[in-house]
Amino acid sequence: MAEAAQDRTGDTADRAREAAVEAALGRLGLDAKASLLSGQGMWSLPALPEIGLESLVMSDGPIGVRGVHWTADDPSVALPSPTALAATWDPELARRAGVLLAQEARRKGVHVLLAPTVNLHRSPLGGRHFEAYSEDPYLTGRIGTGYVSGVQSGGVGTTVKHFVANDAETDRFTVDNVVSERALRELYLAPFEAIVENARPWGIMTAYNSVNGTTMTEHRYLVNEVLRGEWGFDGFNVSDWMAARSTADAITGGLDVAMPGPQTVYGPALAQAVRDGDVPESAVDAAVRNVLRLAARVGILEGAGPVVTEPPADVDGEALARETARRSFVLVRNEERGGAPALPLRPGTVALAGAAARDARVLGGGSATVFPAHIVSPLDGLTAALPEGALTYALGADPNEELAVADQGFTLNAVCYDAAGAVVGTGSSPNGQVQWMGDDLPEGVTHDNLHSVELTGTFTPRESGAHTFGIKGLGTFTLTVDNAVHFDGVQGAEKDDPFISFFGAPVERARVELTAGQTYEVSLRYVVEFPANIPMKVVGFALAHQEPQRDADELIAEAVEAARAADTAVVVVATTDRVESEGFDRTDLRLPGRQDDLVRAVAAANPNTVVVVNSGSPVELPWREDVAAVLLSWFPGQEGGAALADVLTGAHEPGGRLPTTWGSLADAPVVQVTPANGELPYTEGVFIGYRAWERAGRTPAYAFGHGLGYTDWEYESVEAAGSTVTVRLRNSGERAGREVVQVYLAPVEADAERPARWLAGFAAVEAGPGDSAEAVVEIPRRAFEIWDETAGGWAFVKGSYEIAAGRSLADRRVSTIVEA
Ligand code: BGC
């Protein structure tokens, strides 16, 4: 925060930048100004050499920096999922993650990161739940503040997204979320407000959805009055990709930049609207000023000094990814087995099972995808960490009920042809996918000369049997495997969704007997058609694949056999990218495939069974009381398997605490993600997450804030003096540890309008065995306030409050009463 304070407007460097911005603005004509507000392609704005402005480049976000191509050619460090980052409850670690991402961005020529996502976990069914931090606005704001401060300390901008209430994916382009002003202020806007206040973000991204009848790219009230007016946000406002729908309403609604280009509602259309008298030129100037200010801040406007002149020292990305992962893992259960807790692992043999133990799911799908240089799976991590001969592996159960991306064993390139059949260019194809949006085309290829694309290369299976191949996308395809044509025809749409080729389901097209270890030729040819319902040229399709389906009972029996013979069984269960991704919501919280059966069978064979849950967001764990330990590993990033070995062997303790309540779908109080007649009413008001669970009087599987380490803590006292809460505690276990001390505030007189209690602050302490520690937690004034809808402002609610400190919402250890 000291850094932010130093950087307040009014500081000399800011004033110099403002002067440079005004001078540059004054030299631009209307057409140039309008062009600067419109993407020149998928990820950038046009350069304006006449004012010494370079092209501003943006990129996703949030767990890595993909860069301007959807390929694996220039790999990115992949950090754990945002849910994992929030599970660290460590804003300083989030800041360090941000510093690494700024370093990645600079390496890739990116000026603005399209992150962080600070929407809330309103319903566990939200498809992008993994990409947001928490159900709690305060925790979200703290983590988001750390992240934004870190990225910007590296001289790279952020766009805090998606402003606002983009909490689910169903009909996301059109849904109108109907939210009370109070719920908006106390929940959904709160993280944005905290980040604007504490980290001064240089950008914001307005969402696809509407709020209370107005689409967010035109929301004058929330953007111009609240974000800019009340909170003093001075950054740029970019639309979510293709979210801008109108010229005059968007510009007067406070939208600065319409992305992606080249065809947008701005550019020539905006200049014309000014000439026609529909838009005042001052509105265009205001938007251009915001863009130029951003350009000045990141150092691409001549004559303006960037905010950061000396980037921070280099960060070791692999080490940080590993540290963050182990600090995020949440140990929700660790029962005694044979006189000691199941974890850390005791010396002896380990039987590892689960498809995700071998093919780890390290990140969530959609625009958050990056391509890391390598992935350490749990099998890799444990093989390296355990003595030779101590580890066996069995697949056990495959969560992929559908065809998945063609990655394992495939080496594919995308060869582009013109209409005459001549090769015009070649691109790489990660995971059998082609996703070329806008101008992101291989060298030599243009939208005019491109007629067809052939994904071609080899496949070397690791299992013998009937392999299934499929196609994702719309249009005319020819699929050839081992020199035989298996499909030659047209694949149609199941739904009129502009992104169906990215988010739709693959269609099975061939089943071919193949032998493990042998190399086969594979080709998928696609005749390019540009979808008419997207104002941008997109080439998107994919080859999908599924390994031979072995008898599910046999697979489970093999894993059971191995588990019976081992000292400890470790089962890794996971979701798939057909379960958790962008563009759709979940329909249930079950683990796909026969994974529940696998866990039950292994646990019956070996009482010392540890389950590792590889998912970005809550799943049901119906067998949780029957196993010795349950460790949530989220989507753990590229070093996930190494971090897992660190934690299982006890080299490090798992550091995570739940940023969101985990429970069954049947018990979850707020689940609705499907609009009716275009509207999704947030009827629950301010009661989401644990606020709703408490009100409903239901007990979840694992409470908000819960997470065990490898030592024990005794809470000794809590004292409140003014806004400072001091908690004394002692490490009563046998090894050094770290504890996240959580402070909850509860009105003594129950008030039906308010939650029973809420998170008011937290701080972490570290202590050696037997040592005492003191956590000092500052409670913000806002913790005592509610939004008064009648007065249209924050109201401090006087009265008696219980301040309780403890290990989770449900495990509060010490408390005191204060009069506020
Ligand atoms: C997502 C954004 C993302 C953008 C660019 C959109 O579909 O909602 O989060 O930044 O695409 O990839």
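Residues numbered from 1 in each chain as written. Predicted model: local features only at pLDDT ≥ 70, side-chain atom pairs only at ≥ 80, totals over all residues. Heavy atoms only, no water.

All chains considered together, the criterion is met by 57 salt bridges. Residue Arg578 pairs with Glu402 through a salt bridge whose shortest N-O separation is 2.7 Å. Remark: Glu402 occurs in the loop between strand 14 (391–394) and strand 15 (404–405) and Arg578 occurs in the loop between strand 26 (568–574) and helix 18 (595–605); sequence separation between them is 176 residues. Look at Arg578 and you get partly exposed, because its relative accessible area is 24%. Overall, the relative accessible area of 35% leaves Glu402 in the partly exposed class. Several salt bridges share partner residues, and in doing so they unite Asp14, Arg17, Arg200, Asp234 and Arg297 into one network. (Salt bridge = Lys/Arg side-chain N within 4 Å of Asp/Glu carboxyl O. Helix = DSSP H or I, 4+ residues; strand = E, 2+ residues; numbered from the N terminus. Buried < 20%, exposed > 50% of the residue type's maximum accessible area, 1.4 Å probe, protein only.)

Time to look at the domain arrangement of the protein. Partitioning the protein into structural domains gives domain 1 (13–298), domain 2 (321–398 + 551–659), domain 3 (404–546) and domain 4 (711–819). Domain 2 puts nine residues into the contact, and the matching count from domain 3 is 10 residues. Summing both partners gives a buried area of about 760 Å² for domain 2 against domain 3, and 48% of it is carried by carbon and sulfur. A per-residue breakdown of the area domain 2 buries against domain 3 is headed by Arg358, Phe371 and Arg578, which together make up 51% of the total. In this assembly, domain 2 and domain 3 are joined by two salt bridges. For Arg462, the salt bridge goes to Asp359, with nearest N and O atoms at 2.4 Å. The interface formed by domain 2 and domain 3 contains two residue pairs in polar contact (both at pLDDT 80 or more). For the side of domain 2 that touches domain 3, the per-class residue count stands at two nonpolar, two polar and five charged. (Domains from an automatic or database assignment. Contact = heavy atoms within 4.5 Å. Buried area = accessible area lost by both parts, 1.4 Å probe. Polar contact = N/O pair within 3.5 Å; in protein donor to acceptor, adjacent residues only side chain to side chain. Nonpolar A, V, L, I, M, F, W, Y, C, P; charged D, E, K, R; others polar.)

On to helix 15 (residues 378–385). Within helix 15, burial applies to Pro378, Leu379, Gly381 and Leu382. Axial view of helix 15: buried residues confined to an arc of 165°, hence all on one face. For helix 15, the secondary structure elements touched by its buried residues are strand 13 (350–353), helix 14 (355–358), strand 14, strand 26 and helix 19 (640–649). (Arc of directions from axis to C-beta.)

Take the site of the ligand next. Looking at the ligand, there are 13 residues lining it, with Asp60, Arg128, Lys161, His162 and Asp240 nearest. Contact distances for the ligand include 2.8 Å between an oxygen atom and a side-chain N or O atom of Arg128. The contact in question runs from an oxygen atom of the ligand to an N or O atom on the side chain of Lys161, over 2.9 Å. Isolated, the ligand exposes 310 Å² of accessible area, and the fraction of that covered by the protein chains is 94%. (Near = heavy atom within 4 Å. Areas by Shrake-Rupley, 256 points an atom, 1.4 Å probe, with all protein chains shown as cover.)

Put simply, Lys161 and His162 share a cis peptide bond, and its omega is -10°. Along the polypeptide, His162 turns up in strand 4 (residues 160–163). Backbone torsion omega between Met259 and Pro260 reads -10°, so that peptide bond is classified as cis. Note on placement: Pro260 falls in the loop between helix 10 (248–252) and helix 11 (268–275). Despite not being glycine, Asp482 shows a phi value in the positive range, around 50°. When you line up the elements, Asp482 lands in the loop between strand 21 (475–481) and strand 22 (484–491). Judged by relative accessible area, which is 38%, Asp482 ranks as partly exposed. A positive phi angle, near 55°, is found at Trp634, a position not held by glycine. Within the secondary structure, Trp634 sits in the loop between strand 28 (629–632) and helix 19.

Moving on, we come to the sheet that holds strand 30 (residues 713–721). In space, the three strands of this open sheet follow the order 30-31-34, with antiparallel pairing throughout. Looking at which strands have only one partner, the edges of the open sheet turn out to be strand 30 and strand 34 (772–778). When the angles between neighbouring strand axes are averaged without regard to direction, this sheet yields 20°. As defined by bridge partners, strand 31 (residues 724–731) adjoins strand 34 across seven bridges and the pair is classed as antiparallel. By the bridge assignment, Val727 is partnered in strand 34 with Ala775. (Pairing = 2+ DSSP bridges. Axes fitted to C-alpha atoms, helices over the stretch in contact; angles between N-to-C directions.)

Moving on: the confidence of the model for the protein. Summary statistics for the protein give a mean pLDDT of 95 and a share of 97% for residues scoring 70 or more. Below pLDDT 50 for its whole length, residues 1–9 participates in 15 contacts with residues either more than four positions away or in separate chains. (pLDDT = per-residue confidence, 0-100.)

Turning next to the side chain of Arg182. Examined against the element boundaries, Arg182 turns out to sit in helix 7 (residues 181–188). A distance of 3.0 Å separates a polar side-chain atom of Arg182 from the backbone oxygen of Glu753. In contact with Arg182, not counting residues within four places along its chain, are Leu187, Val686, Glu753, Arg754, Ile786, Trp787 and Glu789.

The next subject is the packing of aromatic side chains. Evaluation of the coordinates by the stated rule reveals 21 aromatic pairs. With a centroid separation of 4.0 Å and an interplanar angle of 15°, the aromatic rings of Phe410 and Phe459 are classed as stacked. Here Phe410, found in strand 16 (residues 410–417), pairs with Phe459, found in strand 19 (residues 452–459); they are 49 residues apart in sequence, far enough to count as distant. For the pair Phe410 and Phe459, one class covers both residues: buried. Ring geometry for Tyr690 versus Phe704: centroids 4.6 Å apart, planes at 40°, classification tilted. Taken together, the residues span a long stretch of sequence, with Tyr690 in helix 20 (residues 689–696) and Phe704 in the loop between helix 20 and strand 30 at a distance of 14 residues. Taken individually, Tyr690 and Phe704 each receive the classification buried, so the pair is uniform in this respect. (Phe/Tyr/Trp six-rings, centres within 6.5 Å; stacked < 30°, edge-to-face > 60°.)

Moving on: the nonpolar core. The biggest cluster of nonpolar side chains holds 92 residues, and the ones touching the most others in it are Tyr147, Phe163, Val164, Tyr188 and Val727. For this core, the domains that each give at least three residues are domain 1 (13–298) and domain 4 (711–819). What Tyr188 contacts, discounting residues up to four positions off in sequence, is Leu120, Arg122, Val164, Asp167, Val179, Ala183, Tyr682, Glu684 and Ile688. (Core = buried A, V, L, I, M, F, W, Y, C linked by side-chain atoms within 4.5 Å.)

The residue Thr215 is located in strand 8 (residues 214–215) in this model. For Thr215, the side chain forms a polar contact with the main-chain oxygen of Tyr208, separated by 3.4 Å. What Thr215 contacts, discounting residues up to four positions off in sequence, is Tyr208, Asn209, Ser210 and Arg245.

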